[in-house]
Amino acid sequence: MTTLNDIQEISTALKNCKTEKIKILHKFLFGSLGDRSNRKRIREFIGFDFQVDSEEFEKKLESVDELFSLDELITICNILNISFDGSKPEVSKRILSFLCNLEALAETSRADFDESDVDEETANDFEKENKKAILSEVKVQIKEILPCSVKRSVICSVVMCSVKRNVICSVMQIRFMICNLLISIEALSLRILV
């Protein structure tokens with residue numbers, strides 16, 4: 001029998017979630033906020049023992065609609081790694097349906113995980129190549145424009161910008177920074193002369 005802990009993404013989420021979020025999921029599963037053993041009980045949860053079209057399902061669905069806000073249902077969706085699109089009744093029905101059939105939840109979770117891994121790797125490679133291209137272009141432009149003593153500090157600030165903040169500085173932003181730097185240098189040289 002599949003438990004929530006057997007699903008890798010949910011197991012990770014249960015380890016990393018804040019206690020307030022765990023309490024919301026515990027209340028959904030067991031009807032109470034619980035105590036210190038919440039995570040353990042949630043990990044061992046094997047699914048509801050009723051079917052999707054049963055009377056018990058409809059009763060649970062009604063109580064969920066009364067007891068939980070849409071924000072709380074979205075929190076549960078995030079922990080369970082399922083979509084939270086739609087209205088409150090649609091979201092609560094989706095959660096409850098998956099919790100009646102943990103095998104389907106595991107399959108959905110694995111499919112989403114596999115696709116996102118490929119997409120993230122491709123996006124990361126593209127982002128790295130893009131950063132390298134922009135950085136080399138900026139370095140060339142800096143070498144053409146600035147005197148030697150200023151080049152070093154500007155190149156260092158460009159590298160720090162792309163590494164520390166994990167942001168690609170566009171060429172226009174760099175040109176703007178260079179213009180401001182040149183104006184500052186000119187202003188300083190004028191002060192020294194006066």
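Everything discussed here concerns the structure shown above.
Residues numbered from 1 in each chain as written. Predicted model: local features only at pLDDT ≥ 70, side-chain atom pairs only at ≥ 80, totals over all residues. Heavy atoms only, no water.

Asks: Which parts of the structure should I look at to understand the overall build of the chain?
Replies: A tally of regular secondary structure across the chain gives 9 helices and 0 strands. Sequence-ordered secondary structure for the chain, helices as α and strands as β, is α-α-α-α-α-α-α-α-α. Of the contacts made within the chain by residues no fewer than 6 positions apart, 57% connect residues no fewer than 24 positions apart. In the structure as shown, the chain presents an accessible area of about 12,700 Å², 55% of it carried by carbon and sulfur atoms. (Helix = DSSP H or I, 4+ residues; strand = E, 2+ residues; numbered from the N terminus. Contact = heavy atoms within 4.5 Å. Areas by Shrake-Rupley, 256 points an atom, 1.4 Å probe, with all protein chains shown as cover.)

Asks: Help me understand the packing of helix α5 (residues 70-80) against helix α6 (residues 88-100) in this model?
Replies: How two helices sit against one another is set out by the angle between their axes and by the gap between those axes. Between α5 and α6, whose axes approach to 10 Å, the crossing angle comes to 35°. Handedness of the α5/α6 crossing: left-handed. On α6, the residues that touch Leu70, Leu73, Ile76, Cys77 and Leu80 of α5 are Lys88, Val91, Ser92, Ile95 and Leu99. Classifying every residue of the contact of α5 with α6 gives 8 nonpolar, 1 polar and 1 charged. (Axes fitted to C-alpha atoms, helices over the stretch in contact; angles between N-to-C directions. Left-handed = near helix turned anticlockwise from the far one by under 90°. Nonpolar A, V, L, I, M, F, W, Y, C, P; charged D, E, K, R; others polar.)

Asks: Hey, could you run me through the side chain of Lys60 in this one?
Replies: You can see Lys60 is positioned in helix α4 (residues 55-67). Despite its burial, Lys60 pairs with no opposite charge; the closest candidate is Asp49, at 9.8 Å N-O. (Buried < 20%, exposed > 50% of the residue type's maximum accessible area, 1.4 Å probe, protein only. Lys, Arg positive; Asp, Glu negative; His and termini not counted. Salt bridge = Lys/Arg side-chain N within 4 Å of Asp/Glu carboxyl O.)

Asks: Could you clarify how one ought to interpret the pattern of salt bridges in this entry?
Replies: It is possible for side chains bearing opposite charge to pair when their charged atoms get close. Applying the stated criterion to the full structure yields 1 salt bridge. For Arg41, the salt bridge identified is with Asp35, shortest N-O distance 2.6 Å. For Arg41, a relative accessible area of 28% corresponds to the partly exposed category.

Asks: Looking at this model, I keep getting lost on the nonpolar core. Mind explaining?
Replies: Soluble globular proteins tend to bury their nonpolar side chains together. With 34 residues, the main nonpolar core has Leu4, Phe28, Ile95 and Leu99 as its most contacted residues. If you list the elements that add at least two residues to this core, you get α1 (8-16), α2 (19-30), α4, α5, α6 and α7 (102-145). Considering each element in turn, this core owes the most residues, 6 residues, to α6. If we ignore the near neighbours within four places in the chain, the residues touching Leu4 are Ile10, Ser11, Leu29, Ile42, Arg43, Phe45, Leu80, Leu99, Leu102 and Leu105. (Core = buried A, V, L, I, M, F, W, Y, C linked by side-chain atoms within 4.5 Å.)

Asks: I keep staring at the environment of Pro89 and nothing clicks. Help me out?
Replies: If you trace the backbone, Pro89 turns up in helix α6. Judged by its relative accessible area of 45%, Pro89 falls in the partly exposed class. Separated by 16 residues in the primary sequence, Pro89 and Leu73 place their C-alpha atoms 9.9 Å from one another.

Asks: What is the right way to look at the packing of α4 against α6 in this model?
Replies: Taken N-terminus to C-terminus, the directions of α4 and α6 make an angle of 135°; their axes are 10 Å apart at the nearest point. Comparing their axes, α6 and α4 come out oblique. The chirality of how α4 crosses α6 is right-handed. Facing α4, whose interface residues are Phe57, Lys60, Leu61, Val64 and Asp65, α6 presents Lys88, Pro89, Ser92, Lys93, Leu96, Ser97 and Cys100. (Parallel < 35°, antiparallel > 145°, perpendicular 65-115°, else oblique.)

Asks: I keep staring at the packing of aromatic side chains and nothing clicks. Help me out?
Replies: Given two aromatic rings, their pairing is described by the distance between the two centres and the angle made by the two planes. A complete count under the given rule lists 5 aromatic pairs for this structure. A centroid spacing of 5.5 Å and a plane angle of 50° characterise the contact between Phe28 and Phe68, whose relative ring orientation is tilted. Here Phe28 is found in helix α2, whereas its partner Phe68 is found in the loop between α4 and α5, with 40 residues between them in sequence. Considering the side-chain rings of Phe30 and Phe45, the 5.8 Å spacing of their centres and the 90° angle between planes classify their relative orientation as edge-to-face. (Phe/Tyr/Trp six-rings, centres within 6.5 Å; stacked < 30°, edge-to-face > 60°.)

Asks: Can you help me understand unusual backbone geometry in this one?
Replies: Among all residues save glycine, negative phi is the norm, and among peptide bonds the norm is trans. A positive phi is found at Asn81, a non-glycine position, where the angle reads about 60°. You can see Asn81 is positioned in the loop between α5 and α6. Judged by relative accessible area, which is 28%, Asn81 ranks as partly exposed.

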